[in-house]
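Read off the chains here:
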Amino acid sequence: MAHDGLGELFDDLHYARPRVEIIGNSRVVVENHRGIQEYESGLLRVKCSGCEVRIVGEGLALTALSLDELAVTGTIVSVEYTTAG
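Read on for an overview of the structure.

Cut-offs and rules
- Residues numbered from 1 in each chain as written.
- Predicted model: local features only at pLDDT ≥ 70, side-chain atom pairs only at ≥ 80, totals over all residues.
- Heavy atoms only, no water.
- Pairing = 2+ DSSP bridges.
- Helix = DSSP H or I, 4+ residues; strand = E, 2+ residues; numbered from the N terminus.
- Axes fitted to C-alpha atoms, helices over the stretch in contact; angles between N-to-C directions.
- Salt bridge = Lys/Arg side-chain N within 4 Å of Asp/Glu carboxyl O.
- Buried < 20%, exposed > 50% of the residue type's maximum accessible area, 1.4 Å probe, protein only.
- Patch = residues over 30% accessible without salt bridge, like charges linked within 9 Å, V, L, I, M, F, W, Y side chains within 5 Å.
- Areas by Shrake-Rupley, 256 points an atom, 1.4 Å probe, with all protein chains shown as cover.
- Core = buried A, V, L, I, M, F, W, Y, C linked by side-chain atoms within 4.5 Å.
- Contact = heavy atoms within 4.5 Å.
- Disulfide = S-S within 2.5 Å.

### Description of the sheet that holds strand 6 (residues 69-83)
Line of reasoning, step 1. If you walk across this open sheet you meet the six strands as 1-2-6-5-4-3, and the pairing is antiparallel. Either end of the sheet is taken by a strand with one partner, and the two such strands are strand 1 (19-23) and strand 3 (33-40). Shown here is a sheet whose adjacent strand axes are inclined to one another by a mean of 30°, direction ignored.

### Section: the pattern of salt bridges
Line of reasoning, step 1. Evaluated as defined, the whole model comprises five salt bridges.
Line of reasoning, step 2. The residue Arg19 makes a salt bridge to Glu21 at a minimum N-O spacing of 3.8 Å.
Line of reasoning, step 3. Arg19 gets classed as partly exposed once you look at its relative accessible area, which sits at 42%.
Line of reasoning, step 4. One connected set of salt bridges, linked through shared partners, spans Arg19, Glu21 and Glu31.

### Some details on a nonpolar patch on the surface
Line of reasoning, step 1. Side chains of Ile36, Tyr39 and Leu65 sit close together on the surface and give an oily, nonpolar patch of about 280 Å² of accessible area.
Line of reasoning, step 2. Note on Ile36: relative accessible area 34%, which makes it partly exposed.

### Some words on the nonpolar core
Line of reasoning, step 1. In terms of nonpolar packing, the biggest core is built from twelve residues, these being Val28, Val30, Leu44, Val46, Cys48, Cys51, Val53, Ile55, Leu60, Leu70, Val72 and Ile76.
Line of reasoning, step 2. Listing elements by their share of this core, those giving two or more residues are strand 2 (27-31), strand 4 (43-48), strand 5 (51-65) and strand 6.
Line of reasoning, step 3. With four residues, the single largest contributor to this core is strand 5.
Line of reasoning, step 4. Contacts of Leu60, omitting those with residues within four sequence positions, involve Tyr39, Glu40, Ser41, Gly42, Leu43, Leu44, Ile55, Val72, Thr73, Gly74, Thr75 and Ile76.

### Quick word on the state of the cysteines
Line of reasoning, step 1. As enumerated under the stated definition, the model contains zero disulfides in all.
Line of reasoning, step 2. Cys51 provides the cysteine sulfur closest to Cys48, a residue in no disulfide bond, and the two sulfurs are 4.4 Å apart.
Line of reasoning, step 3. Accessibility expressed as a relative area gives 3% for Cys48, which makes it buried.
Line of reasoning, step 4. Here Cys51 falls in the buried class, since its relative accessible area comes to 7%.

What follows is the structure, given as structure tokens:
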């Protein structure tokens, strides 16, 4: 039996699309990234396929980094997702 919206769920789990997980206001995990564009204690800009994830906060620290996943902690003020225009 087919479920409405199941195809959308699988589209959301596509391996090349970025996945951003926000945990409270203290941790953000970005999967499927393509590198860091800018990193300061108040700003982290992450390049993804066709977009950029911008994390703004205070005392930001990169706590994990691999080829496809990164984690940042600190006081998160905002997370922005912008597409290439």
